[in-house]
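Descriptive structure summary
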Amino acid sequence: MKSRPNVLKHPKVKNPVETLANTRHEFGEHGGVNMSIEASTTFTAMHPDILSDMFHGEKGPDQGGCYLYGRHFNPTVYSLSRQLAALEGTEAAYCTASGMAAISATLIQLCNAGDHIVSSNTVYGGTYALMHDMLPVKNNITTSMVDITDLEAVEAAITNKTRVLYAESISNPTLRLADIPALSEIAHRHDLKLVIDNTFSPLILSPRQLGADIVVHSMTKFIGGASDHIAGAICADKAFILELMDLHTGALMLLGPTMDPQVAFDISLRIPHLSLRMAEHGKRAQLFAERLKTLGLRVSYPGLPEHPDHERFSELHCADYGYGGILALDMGTEEASNQLMDMLQNDYHFGYMAVSLGYFDTLMSCSGSTTSSEMTDEDKTQAGISPGLLRMSLGYTGTTEQRWNQLLKALERLGVVNDVVGAGLAGDVGATHSRDPSSKAG
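These numbers come from a predicted model, not from an experiment. (Residues numbered from 1 in each chain as written. Predicted model: local features only at pLDDT ≥ 70, side-chain atom pairs only at ≥ 80, totals over all residues. Heavy atoms only, no water.)

Let's talk about the overall build of the chain
As a reminder of what qualifies: Helix and strand assignments follow DSSP, with helices taken as H or I runs no shorter than four residues and strands as E runs no shorter than two, numbered in order from the N terminus. Only C-alpha atoms enter the radius of gyration; for comparison, a globular chain is expected to reach 2.2 Å times N to the power 0.38, where N is the number of residues. We call a residue buried when its accessible area falls under 20% of the maximum for its residue type, exposed when it is over 50%, and partly exposed in between, using a 1.4 Å probe and counting protein chains only. Any two residues whose heavy atoms approach within 4.5 Å at even a single point are treated as in contact. Using a 1.4 Å probe, the Shrake-Rupley method yields the accessible areas, and only the shown protein chains count as cover for residues. Charge convention: Lys and Arg are scored as positive, Asp and Glu as negative, and His as well as the terminal groups of each chain are ignored. Think of each charge as sitting on NZ of Lys, CZ of Arg, CG of Asp or CD of Glu.
Looking only at helices and strands, one finds 17 helices and twelve strands in the chain. Over its C-alpha trace the chain gives a radius of gyration of 23 Å, about what one expects of a compact globule, namely 22 Å for 442 residues. Each principal axis of the C-alpha atoms in the chain carries an extent, and together these give about 80 × 55 × 40 Å. Per-residue burial for the chain yields a buried fraction of 57% across its 442 residues. Summarising the internal contacts of the chain: among those between residues at least 6 apart in sequence, 71% fall at separations of at least 24. Here the chain has roughly 18400 Å² of accessible surface; of this, 52% comes from carbon and sulfur atoms. Put simply, the chain has 33 plus and 50 minus side-chain charges, and the middle of one group is 2 Å from the middle of the other.

Right, here's the structure in full:
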(Lines give C-alpha, C1' and ligand atoms only; values in the text may rest on other atoms or scores of the structure.)
Protein backbone atom coordinates (compact mmCIF):
# COMPACT_ATOMS: atom_id res chain seq x y z
CA MET A 1 0.00 0.00 0.00
CA LYS A 2 1.38 3.38 -0.99
CA SER A 3 0.67 6.14 1.46
CA ARG A 4 2.18 8.97 3.42
CA PRO A 5 1.58 10.23 6.94
CA ASN A 6 -0.96 12.95 7.51
CA VAL A 7 1.61 15.69 7.02
CA LEU A 8 0.24 19.20 6.83
CA LYS A 9 1.03 21.32 3.82
CA HIS A 10 4.57 22.55 4.25
CA PRO A 11 5.01 26.29 4.80
CA LYS A 12 5.97 28.09 1.63
CA VAL A 13 9.72 27.86 1.21
CA LYS A 14 11.86 30.95 0.84
CA ASN A 15 13.06 31.73 -2.67
CA PRO A 16 16.75 30.68 -2.77
CA VAL A 17 17.56 33.57 -5.11
CA GLU A 18 16.85 36.02 -2.29
CA THR A 19 19.29 34.21 -0.02
CA LEU A 20 21.90 34.16 -2.76
CA ALA A 21 21.50 37.90 -3.27
CA ASN A 22 22.28 38.49 0.40
CA THR A 23 25.40 36.32 0.37
CA ARG A 24 28.74 38.05 0.74
CA HIS A 25 30.26 38.93 -2.63
CA GLU A 26 33.91 37.94 -2.96
CA PHE A 27 35.93 40.62 -4.74
CA GLY A 28 39.20 40.04 -6.57
CA GLU A 29 42.63 40.54 -5.04
CA HIS A 30 42.92 44.04 -6.52
CA GLY A 31 39.29 45.05 -6.12
CA GLY A 32 37.92 43.40 -9.24
CA VAL A 33 34.20 42.68 -9.29
CA ASN A 34 35.00 38.97 -9.79
CA MET A 35 36.93 36.97 -7.22
CA SER A 36 40.50 35.93 -7.92
CA ILE A 37 41.49 32.38 -8.78
CA GLU A 38 43.76 31.00 -6.07
CA ALA A 39 45.92 28.50 -7.93
CA SER A 40 48.31 27.71 -5.07
CA THR A 41 48.39 24.13 -3.80
CA THR A 42 49.93 25.10 -0.48
CA PHE A 43 49.70 28.19 1.73
CA THR A 44 52.14 30.15 3.85
CA ALA A 45 51.81 30.29 7.61
CA MET A 46 52.94 33.61 9.04
CA HIS A 47 54.19 31.97 12.26
CA PRO A 48 55.41 28.40 12.93
CA ASP A 49 52.76 27.65 15.56
CA ILE A 50 49.97 28.34 13.07
CA LEU A 51 50.94 25.28 11.01
CA SER A 52 50.69 23.08 14.08
CA ASP A 53 47.32 24.61 14.99
CA MET A 54 45.99 23.93 11.49
CA PHE A 55 47.09 20.29 11.59
CA HIS A 56 45.31 19.88 14.91
CA GLY A 57 42.12 21.45 13.52
CA GLU A 58 42.38 24.52 15.71
CA LYS A 59 42.71 26.96 12.81
CA GLY A 60 41.25 27.03 9.32
CA PRO A 61 39.33 29.22 6.87
CA ASP A 62 36.41 29.30 9.30
CA GLN A 63 38.74 30.38 12.13
CA GLY A 64 40.62 33.42 10.92
CA GLY A 65 41.10 32.71 7.23
CA CYS A 66 44.04 30.29 7.55
CA TYR A 67 44.53 27.85 4.66
CA LEU A 68 46.74 24.79 4.78
CA TYR A 69 46.74 22.77 1.57
CA GLY A 70 44.65 22.72 -1.59
CA ARG A 71 43.17 19.28 -0.91
CA HIS A 72 41.92 20.55 2.44
CA PHE A 73 40.47 23.97 1.60
CA ASN A 74 41.05 26.38 -1.28
CA PRO A 75 39.84 30.02 -1.11
CA THR A 76 38.21 30.00 -4.56
CA VAL A 77 36.44 26.69 -3.95
CA TYR A 78 35.52 27.89 -0.47
CA SER A 79 33.84 30.96 -1.96
CA LEU A 80 31.78 28.86 -4.39
CA SER A 81 30.87 26.61 -1.48
CA ARG A 82 29.37 29.57 0.38
CA GLN A 83 27.21 30.26 -2.66
CA LEU A 84 25.99 26.64 -2.66
CA ALA A 85 25.20 26.85 1.04
CA ALA A 86 23.13 29.97 0.37
CA LEU A 87 21.45 28.26 -2.59
CA GLU A 88 20.37 25.30 -0.44
CA GLY A 89 19.83 27.16 2.83
CA THR A 90 22.43 25.17 4.76
CA GLU A 91 24.92 26.40 7.33
CA ALA A 92 27.89 25.32 5.20
CA ALA A 93 28.91 23.46 2.04
CA TYR A 94 31.95 22.29 0.18
CA CYS A 95 32.42 21.57 -3.50
CA THR A 96 33.92 18.42 -4.98
CA ALA A 97 35.40 17.20 -8.24
CA SER A 98 32.16 15.44 -9.26
CA GLY A 99 28.65 14.65 -8.17
CA MET A 100 29.61 11.04 -7.46
CA ALA A 101 32.45 12.31 -5.26
CA ALA A 102 29.88 14.25 -3.25
CA ILE A 103 27.56 11.25 -2.92
CA SER A 104 30.23 8.66 -2.11
CA ALA A 105 32.07 10.87 0.39
CA THR A 106 28.81 11.68 2.17
CA LEU A 107 27.74 8.04 2.50
CA ILE A 108 31.19 6.83 3.56
CA GLN A 109 31.37 9.57 6.18
CA LEU A 110 27.94 8.74 7.58
CA CYS A 111 28.32 4.96 7.61
CA ASN A 112 30.79 2.53 9.17
CA ALA A 113 31.37 -1.11 8.30
CA GLY A 114 28.24 -3.10 9.06
CA ASP A 115 25.88 -0.15 8.71
CA HIS A 116 22.84 0.00 6.44
CA ILE A 117 21.23 2.49 4.04
CA VAL A 118 17.62 2.70 2.90
CA SER A 119 17.51 4.21 -0.58
CA SER A 120 15.06 4.94 -3.32
CA ASN A 121 15.08 2.16 -5.89
CA THR A 122 15.05 4.76 -8.66
CA VAL A 123 18.35 6.62 -8.64
CA TYR A 124 21.09 7.51 -11.11
CA GLY A 125 22.91 4.39 -12.34
CA GLY A 126 26.23 5.42 -10.79
CA THR A 127 24.56 5.89 -7.41
CA TYR A 128 22.87 2.50 -7.78
CA ALA A 129 26.21 0.83 -8.56
CA LEU A 130 27.85 2.52 -5.57
CA MET A 131 25.20 1.25 -3.16
CA HIS A 132 24.29 -2.05 -4.79
CA ASP A 133 27.74 -3.24 -5.86
CA MET A 134 30.70 -1.32 -4.42
CA LEU A 135 29.83 -0.39 -0.83
CA PRO A 136 28.82 -3.93 0.21
CA VAL A 137 32.05 -5.45 -1.18
CA LYS A 138 34.55 -2.75 -0.26
CA ASN A 139 33.03 -1.27 2.91
CA ASN A 140 30.55 -3.85 4.22
CA ILE A 141 27.79 -1.21 3.95
CA THR A 142 24.52 -2.64 2.64
CA THR A 143 21.52 -0.92 1.07
CA SER A 144 17.83 -1.78 0.85
CA MET A 145 16.28 -0.19 -2.22
CA VAL A 146 12.57 0.55 -1.99
CA ASP A 147 9.85 2.54 -3.72
CA ILE A 148 10.49 5.92 -2.12
CA THR A 149 6.87 6.96 -2.73
CA ASP A 150 5.67 4.04 -0.58
CA LEU A 151 6.32 5.42 2.89
CA GLU A 152 5.21 2.25 4.62
CA ALA A 153 7.80 0.29 2.63
CA VAL A 154 10.43 2.89 3.50
CA GLU A 155 9.76 2.54 7.21
CA ALA A 156 9.58 -1.25 7.02
CA ALA A 157 13.06 -1.38 5.48
CA ILE A 158 14.69 0.45 8.43
CA THR A 159 16.70 -1.73 10.82
CA ASN A 160 18.79 -1.05 13.91
CA LYS A 161 21.81 -0.86 11.57
CA THR A 162 20.31 1.82 9.31
CA ARG A 163 22.10 5.17 9.40
CA VAL A 164 20.93 6.93 6.21
CA LEU A 165 17.73 7.47 4.25
CA TYR A 166 18.65 8.45 0.68
CA ALA A 167 16.60 9.74 -2.24
CA GLU A 168 16.69 12.02 -5.25
CA SER A 169 14.34 14.98 -4.99
CA ILE A 170 13.11 14.08 -8.49
CA SER A 171 14.01 10.53 -9.44
CA ASN A 172 16.23 9.80 -12.41
CA PRO A 173 14.74 9.02 -14.92
CA THR A 174 11.13 8.36 -13.85
CA LEU A 175 10.57 11.88 -12.44
CA ARG A 176 8.81 10.79 -9.25
CA LEU A 177 8.87 13.22 -6.34
CA ALA A 178 10.43 12.37 -2.99
CA ASP A 179 8.03 13.63 -0.32
CA ILE A 180 10.84 15.21 1.66
CA PRO A 181 8.80 16.43 4.67
CA ALA A 182 7.31 12.96 5.14
CA LEU A 183 10.68 11.25 4.63
CA SER A 184 12.23 13.70 7.10
CA GLU A 185 9.67 12.77 9.72
CA ILE A 186 10.46 9.06 9.27
CA ALA A 187 14.23 9.58 9.22
CA HIS A 188 14.37 11.74 12.32
CA ARG A 189 12.01 9.51 14.27
CA HIS A 190 14.54 6.71 13.70
CA ASP A 191 17.59 8.95 14.28
CA LEU A 192 18.71 8.70 10.63
CA LYS A 193 20.25 11.29 8.34
CA LEU A 194 18.10 12.19 5.33
CA VAL A 195 20.34 12.76 2.29
CA ILE A 196 18.73 14.24 -0.83
CA ASP A 197 20.29 14.53 -4.28
CA ASN A 198 18.86 17.76 -5.69
CA THR A 199 20.63 17.67 -9.06
CA PHE A 200 17.40 17.75 -11.10
CA SER A 201 15.81 20.64 -9.23
CA PRO A 202 18.11 23.45 -8.03
CA LEU A 203 15.98 26.45 -6.96
CA ILE A 204 12.80 24.47 -7.73
CA LEU A 205 12.95 22.38 -4.56
CA SER A 206 14.76 23.31 -1.34
CA PRO A 207 15.36 19.99 0.47
CA ARG A 208 16.95 21.54 3.55
CA GLN A 209 13.98 23.83 4.10
CA LEU A 210 11.72 20.80 3.68
CA GLY A 211 13.55 18.75 6.32
CA ALA A 212 16.59 17.09 4.72
CA ASP A 213 19.86 16.98 6.66
CA ILE A 214 22.30 16.89 3.75
CA VAL A 215 21.85 17.99 0.12
CA VAL A 216 24.17 16.80 -2.64
CA HIS A 217 24.49 18.02 -6.20
CA SER A 218 26.08 17.13 -9.46
CA MET A 219 26.89 20.67 -10.55
CA THR A 220 27.89 19.19 -13.91
CA LYS A 221 24.22 19.50 -14.80
CA PHE A 222 21.90 22.51 -14.39
CA ILE A 223 24.11 24.55 -12.07
CA GLY A 224 27.08 24.39 -14.46
CA GLY A 225 24.74 24.69 -17.41
CA ALA A 226 27.27 24.31 -20.24
CA SER A 227 28.44 20.68 -19.98
CA ASP A 228 32.03 21.87 -19.74
CA HIS A 229 32.90 21.02 -16.13
CA ILE A 230 32.51 17.97 -13.91
CA ALA A 231 31.65 19.18 -10.40
CA GLY A 232 29.71 18.35 -7.25
CA ALA A 233 28.72 19.82 -3.90
CA ILE A 234 27.75 18.73 -0.39
CA CYS A 235 25.53 21.14 1.55
CA ALA A 236 25.03 20.49 5.26
CA ASP A 237 25.62 21.87 8.73
CA LYS A 238 29.07 23.20 9.55
CA ALA A 239 29.95 20.29 11.82
CA PHE A 240 29.44 17.73 9.03
CA ILE A 241 31.48 19.72 6.50
CA LEU A 242 34.35 19.99 8.98
CA GLU A 243 34.02 16.26 9.68
CA LEU A 244 34.45 15.60 5.95
CA MET A 245 37.63 17.71 6.07
CA ASP A 246 39.08 16.13 9.21
CA LEU A 247 42.79 15.39 8.75
CA HIS A 248 42.46 11.87 10.19
CA THR A 249 39.00 10.56 9.23
CA GLY A 250 37.55 13.02 6.70
CA ALA A 251 36.30 11.37 3.50
CA LEU A 252 36.90 14.48 1.40
CA MET A 253 40.30 15.23 2.92
CA LEU A 254 41.68 11.69 2.69
CA LEU A 255 40.04 10.39 -0.49
CA GLY A 256 40.94 13.63 -2.23
CA PRO A 257 38.11 14.43 -4.69
CA THR A 258 39.34 18.01 -4.88
CA MET A 259 37.67 20.63 -7.06
CA ASP A 260 40.03 22.64 -9.23
CA PRO A 261 39.93 26.39 -8.41
CA GLN A 262 39.52 27.28 -12.08
CA VAL A 263 36.38 25.12 -12.19
CA ALA A 264 35.10 26.80 -9.03
CA PHE A 265 35.67 30.22 -10.55
CA ASP A 266 33.90 29.30 -13.79
CA ILE A 267 30.88 27.83 -12.02
CA SER A 268 30.62 30.82 -9.68
CA LEU A 269 29.97 32.98 -12.75
CA ARG A 270 27.02 30.73 -13.71
CA ILE A 271 25.24 30.99 -10.36
CA PRO A 272 23.81 34.54 -10.89
CA HIS A 273 21.85 33.50 -14.00
CA LEU A 274 20.82 30.06 -12.75
CA SER A 275 17.33 31.37 -11.97
CA LEU A 276 16.85 32.64 -15.53
CA ARG A 277 18.00 29.35 -16.99
CA MET A 278 15.89 27.17 -14.70
CA ALA A 279 12.77 29.21 -15.44
CA GLU A 280 13.31 28.84 -19.19
CA HIS A 281 14.10 25.12 -18.99
CA GLY A 282 10.90 24.62 -17.02
CA LYS A 283 8.77 26.80 -19.28
CA ARG A 284 9.73 24.87 -22.39
CA ALA A 285 9.45 21.45 -20.74
CA GLN A 286 5.97 22.30 -19.46
CA LEU A 287 4.76 23.36 -22.90
CA PHE A 288 6.24 20.34 -24.68
CA ALA A 289 4.84 17.94 -22.07
CA GLU A 290 1.35 19.43 -22.44
CA ARG A 291 1.50 19.19 -26.23
CA LEU A 292 2.84 15.63 -26.20
CA LYS A 293 0.07 14.67 -23.80
CA THR A 294 -2.50 16.23 -26.15
CA LEU A 295 -1.08 14.09 -28.95
CA GLY A 296 -1.85 11.01 -26.84
CA LEU A 297 1.77 10.06 -26.13
CA ARG A 298 2.95 8.51 -22.87
CA VAL A 299 4.76 11.45 -21.33
CA SER A 300 5.75 11.90 -17.70
CA TYR A 301 6.30 15.40 -16.34
CA PRO A 302 5.58 16.71 -12.81
CA GLY A 303 3.86 19.79 -14.22
CA LEU A 304 1.06 17.72 -15.75
CA PRO A 305 -2.03 17.35 -13.54
CA GLU A 306 -2.04 13.63 -14.41
CA HIS A 307 1.40 13.11 -12.86
CA PRO A 308 0.98 11.10 -9.62
CA ASP A 309 2.99 13.63 -7.59
CA HIS A 310 1.70 16.83 -9.20
CA GLU A 311 -0.36 18.00 -6.23
CA ARG A 312 2.36 17.42 -3.67
CA PHE A 313 4.99 18.91 -5.98
CA SER A 314 2.86 22.03 -6.31
CA GLU A 315 2.79 22.36 -2.51
CA LEU A 316 6.55 22.01 -2.06
CA HIS A 317 8.19 23.73 -5.01
CA CYS A 318 9.14 27.34 -5.69
CA ALA A 319 6.64 28.22 -8.42
CA ASP A 320 8.91 30.83 -10.02
CA TYR A 321 10.96 28.04 -11.63
CA GLY A 322 8.24 25.65 -12.72
CA TYR A 323 8.44 21.86 -12.55
CA GLY A 324 11.88 21.24 -14.01
CA GLY A 325 13.54 20.99 -17.38
CA ILE A 326 13.27 17.22 -17.89
CA LEU A 327 10.47 15.12 -19.30
CA ALA A 328 10.28 11.38 -19.94
CA LEU A 329 8.67 10.03 -23.12
CA ASP A 330 7.93 6.31 -23.21
CA MET A 331 8.30 5.13 -26.79
CA GLY A 332 7.47 1.53 -25.88
CA THR A 333 10.66 -0.09 -27.18
CA GLU A 334 14.35 0.78 -27.19
CA GLU A 335 14.31 0.56 -30.99
CA ALA A 336 11.57 3.19 -31.31
CA SER A 337 13.32 5.42 -28.80
CA ASN A 338 16.60 5.15 -30.72
CA GLN A 339 14.88 5.83 -34.04
CA LEU A 340 13.30 9.00 -32.68
CA MET A 341 16.57 10.27 -31.22
CA ASP A 342 18.40 9.53 -34.45
CA MET A 343 15.88 11.55 -36.46
CA LEU A 344 15.85 14.41 -34.00
CA GLN A 345 19.62 14.77 -33.94
CA ASN A 346 20.64 13.92 -37.50
CA ASP A 347 17.66 15.07 -39.55
CA TYR A 348 16.00 17.86 -37.63
CA HIS A 349 18.81 19.36 -35.49
CA PHE A 350 16.53 19.30 -32.45
CA GLY A 351 19.11 18.16 -29.91
CA TYR A 352 21.83 15.64 -29.21
CA MET A 353 22.00 11.97 -28.28
CA ALA A 354 24.09 12.32 -25.14
CA VAL A 355 23.92 11.46 -21.49
CA SER A 356 23.84 14.17 -18.81
CA LEU A 357 21.36 17.02 -18.60
CA GLY A 358 20.98 20.71 -17.87
CA TYR A 359 22.77 21.78 -21.07
CA PHE A 360 21.58 24.81 -23.04
CA ASP A 361 20.72 22.49 -25.95
CA THR A 362 18.43 19.50 -25.59
CA LEU A 363 20.09 16.23 -24.57
CA MET A 364 18.37 12.87 -25.13
CA SER A 365 19.11 9.34 -23.96
CA CYS A 366 17.31 6.03 -23.65
CA SER A 367 17.78 5.61 -19.91
CA GLY A 368 17.52 1.83 -19.61
CA SER A 369 20.49 1.23 -21.91
CA THR A 370 22.56 4.23 -20.78
CA THR A 371 22.37 6.11 -17.47
CA SER A 372 20.45 3.29 -15.75
CA SER A 373 22.30 0.42 -17.44
CA GLU A 374 24.08 -0.48 -14.18
CA MET A 375 20.74 -1.68 -12.80
CA THR A 376 19.58 -5.27 -13.20
CA ASP A 377 16.61 -5.87 -15.49
CA GLU A 378 14.52 -6.82 -12.47
CA ASP A 379 15.44 -3.64 -10.61
CA LYS A 380 14.69 -1.52 -13.69
CA THR A 381 11.27 -3.11 -13.94
CA GLN A 382 10.55 -2.47 -10.26
CA ALA A 383 11.73 1.12 -10.65
CA GLY A 384 9.42 1.70 -13.61
CA ILE A 385 12.20 2.17 -16.17
CA SER A 386 10.82 0.68 -19.36
CA PRO A 387 13.11 -0.26 -22.30
CA GLY A 388 11.77 2.60 -24.43
CA LEU A 389 11.88 5.34 -21.80
CA LEU A 390 13.47 8.38 -23.44
CA ARG A 391 14.76 11.02 -21.02
CA MET A 392 14.76 14.45 -22.58
CA SER A 393 16.51 17.41 -20.95
CA LEU A 394 14.95 20.39 -22.74
CA GLY A 395 17.33 23.14 -23.78
CA TYR A 396 16.44 26.73 -24.50
CA THR A 397 18.27 27.46 -27.76
CA GLY A 398 16.24 28.21 -30.87
CA THR A 399 12.68 29.45 -30.73
CA THR A 400 10.09 27.39 -28.92
CA GLU A 401 7.99 26.83 -32.06
CA GLN A 402 11.05 25.96 -34.13
CA ARG A 403 12.04 23.23 -31.67
CA TRP A 404 8.47 22.00 -31.25
CA ASN A 405 7.99 21.60 -34.98
CA GLN A 406 11.26 19.70 -35.27
CA LEU A 407 10.01 17.27 -32.63
CA LEU A 408 6.55 17.06 -34.18
CA LYS A 409 7.88 16.31 -37.67
CA ALA A 410 10.01 13.46 -36.31
CA LEU A 411 7.04 11.98 -34.45
CA GLU A 412 4.91 12.21 -37.59
CA ARG A 413 7.59 10.61 -39.73
CA LEU A 414 8.01 7.79 -37.22
CA GLY A 415 4.25 7.20 -37.41
CA VAL A 416 3.66 7.91 -33.73
CA VAL A 417 1.24 10.75 -34.59
CA ASN A 418 -0.40 11.51 -37.92
CA ASP A 419 -0.25 14.75 -39.88
CA VAL A 420 -3.87 15.61 -39.17
CA VAL A 421 -3.50 15.34 -35.40
CA GLY A 422 -0.15 17.09 -35.42
CA ALA A 423 -1.36 19.97 -37.55
CA GLY A 424 -3.44 21.30 -34.69
CA LEU A 425 -0.30 21.91 -32.61
CA ALA A 426 2.07 23.00 -35.37
CA GLY A 427 3.40 26.50 -35.83
CA ASP A 428 5.80 27.76 -38.47
CA VAL A 429 8.02 24.85 -39.41
CA GLY A 430 11.66 25.76 -38.86
CA ALA A 431 13.19 22.33 -39.43
CA THR A 432 15.63 21.46 -42.16
CA HIS A 433 16.74 18.02 -43.27
CA SER A 434 20.21 16.62 -43.78
CA ARG A 435 18.84 13.39 -45.29
CA ASP A 436 15.85 12.47 -47.45
CA PRO A 437 12.83 12.78 -45.11
CA SER A 438 11.30 9.73 -46.73
CA SER A 439 14.30 7.56 -45.87
CA LYS A 440 14.08 5.08 -43.02
CA ALA A 441 15.68 6.36 -39.81
CA GLY A 442 17.66 4.39 -37.29
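Structural notes on the pairing of strand β7 (residues 232-236)
In plain terms, the rule: For two strands to pair, DSSP has to find at least two bridges joining them.
The buried fraction of β7 amounts to five of the five residues, a majority that puts the element mostly inside the structure. In β7, alternate side chains face the same way, and those of Gly232, Ile234 and Ala236 on one face and Ala233 and Cys235 on the other are all buried. Here strand β1 (residues 92-96) runs beside β7; their pairing, made up of five bridges, is antiparallel. Bridging from a neighbouring strand, Thr96 pairs with Gly232 of β7. With four bridges connecting them, strand β6 (residues 214-218) and β7 associate as antiparallel partners. Looking at β7, one finds that Val216 is bridged to Ile234.

Examining the sheet that holds strand β5 (residues 193-197)
Applied cut-off: Only the stretch in contact is used when a helix axis is fitted, and all axes are lines through C-alpha atoms; the angle between N-to-C directions ranges over 0 to 180 degrees.
One open sheet holds the seven strands; their spatial order is β1-β7-β6-β5-β4-β2-β3, and the pairing between them is mixed. The open sheet has two edge strands with one neighbour each: β1 and β3 (142-146). Going from strand to strand, the sheet's axes swing by 20° on average, the running direction of each strand aside. Across the sheet, helix α4 (residues 99-110) touches β1, β2 (116-120), β4 (162-168), β5, β6 and β7, and the angle it forms with β6 is around 155°. Across the sheet, helix α7 (residues 180-189) lies against β4 and β5, angled at about 150° from β5, the strand it touches most.

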